[in-house]
Amino acid sequence: PHRLMGLIQKDFENYKGAVTSYRESLRRDPQQPDREDILLELAECQLKLRQYEAALETLAQCRPSPDPWAAEAECQYGAGRVAEARRLLERALAEMPAHLPALSLAGTIALEEGNAAAAVDALSRAAAAYPKDYTVRFKLALACRRLGDNQRADEHARAAEQIKRLREEFSKLHDK
């Protein structure tokens with residue numbers, strides 16, 4: 001019941017409440033079958049709260065795989081340790097080349113460092129694997145525009161807007 005409460009709280013962006021619920025779930029049953037998922041969800045909420053060191057402690061309890069490596073990379077990047085973030089992203093992408101969070105963060109880092117070509121490369125790979133991801137399309141439009149490829153930038157911006165409209169429509173229907 002505490003994991004379910006954590007999921008609901010996370011969905012409603014009550015990350016602090018979700019952290020409490022996930023921790024309680026793990027305290028009550030530390031060896032539950034979905035422990036790995038709970039740890040990843042807990043770390044995601046800690047990331048949203050910018051609790052990078054706490055998230056790293058949570059992720060240290062996960063089995064080695066691309067999901068925790070990408071989340072750890074986000075923590076390292078958020079804490080200003082870009083080289084460590086890159087190392088973790090390389091590790092995640094070596095094992096799973098189309099890992100959405102890893103590709104997205106790699107594109108973000110490249111964009112923020114002014115390397116539009118590397119950003120377009122990473123984000124194009126993400127968009128090819130996940131064509132309906134709003135954030136990837138939005139960032140890809142920015143990267144294309146920085147490269148001076150306005151036609152591709154416009155295409156990705158239109159795709160991002162369409163995805164955004166569909167999300168908003170779905171959200172309204174869900175509320176009803």
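To start, this report covers the structure provided alongside it. Note that the coordinates shown come from a computational prediction; the quantities given were computed from them, not determined experimentally. For every chain, the first residue of its written sequence is number 1, and the numbers climb from 1 along that sequence. Totals for whole chains, interfaces and linings use all residues, but because this is a predicted model, local features are given only for residues with pLDDT of at least 70 and pairs of side-chain atoms are given and counted only at 80 or more. To get the side-chain values, take all heavy atoms of the structure and skip hydrogens and water.

1. Quick word on the overall build of the protein chain
Selection rule: A run of H or I in DSSP counts as a helix once it spans at least four residues, and a run of E counts as a strand once it spans at least two, with each numbered from the N terminus. Throughout, radius of gyration means the C-alpha value; the globule benchmark is 2.2 Å times the number of residues raised to the power 0.38. Only protein chains enter the accessibility calculation, which uses a 1.4 Å probe. A residue is then buried if its area is under 20% of the maximum for its type, exposed if over 50%, and partly exposed in between. Every residue pair with non-hydrogen atoms within 4.5 Å of one another is taken to be in contact.
Per the secondary structure count, the protein chain includes 10 helices and zero strands. Mapped from its N terminus to its C terminus, the protein chain presents α and β elements in the order α-α-α-α-α-α-α-α-α-α. On C-alpha atoms alone, the protein chain measures out to a radius of gyration of 17 Å, which is about the 16 Å that the 2.2 N^0.38 rule sets for 176 residues. In terms of overall dimensions, the protein chain has C-alpha extents of about 55 × 45 × 25 Å along its principal axes. Here the protein chain holds 176 residues, and the buried ones make up 41% of them. Look at the contacts in the protein chain between residues 6 or more apart in sequence, and 42% of them connect residues 24 or more apart.

2. Considerations on the state of the cysteines
The line we're drawing: A pair of sulfur atoms, both from cysteines and within 2.5 Å, is called a disulfide here.
Inspection of every chain in the model, using the stated rule, returns zero disulfides. A disulfide-free cysteine, cysteine 45 has its sulfur positioned 12 Å from the sulfur of cysteine 75, the nearest such atom. With relative accessibility at 0%, the residue cysteine 45 sits in the buried group. No disulfide involves cysteine 75; its sulfur sits 11 Å from that of cysteine 62, the nearest cysteine. In this structure cysteine 75 comes out as buried when scored by relative accessible area, which is 0%.

3. Details of the layout of surface pockets
Empty space left among the atoms is revealed by rolling a probe the size of a water molecule over them. Basically, it comes down to this: Put plainly, a pocket is an open set of points on a 1 Å grid over the protein atoms alone with protein on both sides within 12 Å along at least five of seven lines, a cavity is a set where a 1.4 Å probe fits but cannot get out, and a lining residue has an atom within 4 Å of a point. Grid points are joined across faces, edges and corners, and a volume is the space filled by probe spheres set on the points. Residues are grouped as follows: Ala, Val, Leu, Ile, Met, Phe, Trp, Tyr, Cys and Pro are nonpolar; Asp, Glu, Lys and Arg are charged; every other residue, Gly included, is polar.
Empty space within the largest pocket amounts to approximately 1500 Å³. Elements represented by at least two residues in the lining of the largest pocket include exactly α1 (2-11), α3 (35-48), α5 (66-78), α7 (100-112), α9 (134-147) and α10 (150-175). Among the residues making up the lining of the largest pocket, the classes are represented as 12 nonpolar, seven polar and 15 charged. Estimated volume of the second largest pocket: approximately 240 Å³. Among the secondary structure elements, those contributing two or more residues to the lining of the second largest pocket are α6 (82-95), α7 and α8 (116-129). Here the residues of the lining of the second largest pocket sort into eight nonpolar, one polar and five charged.

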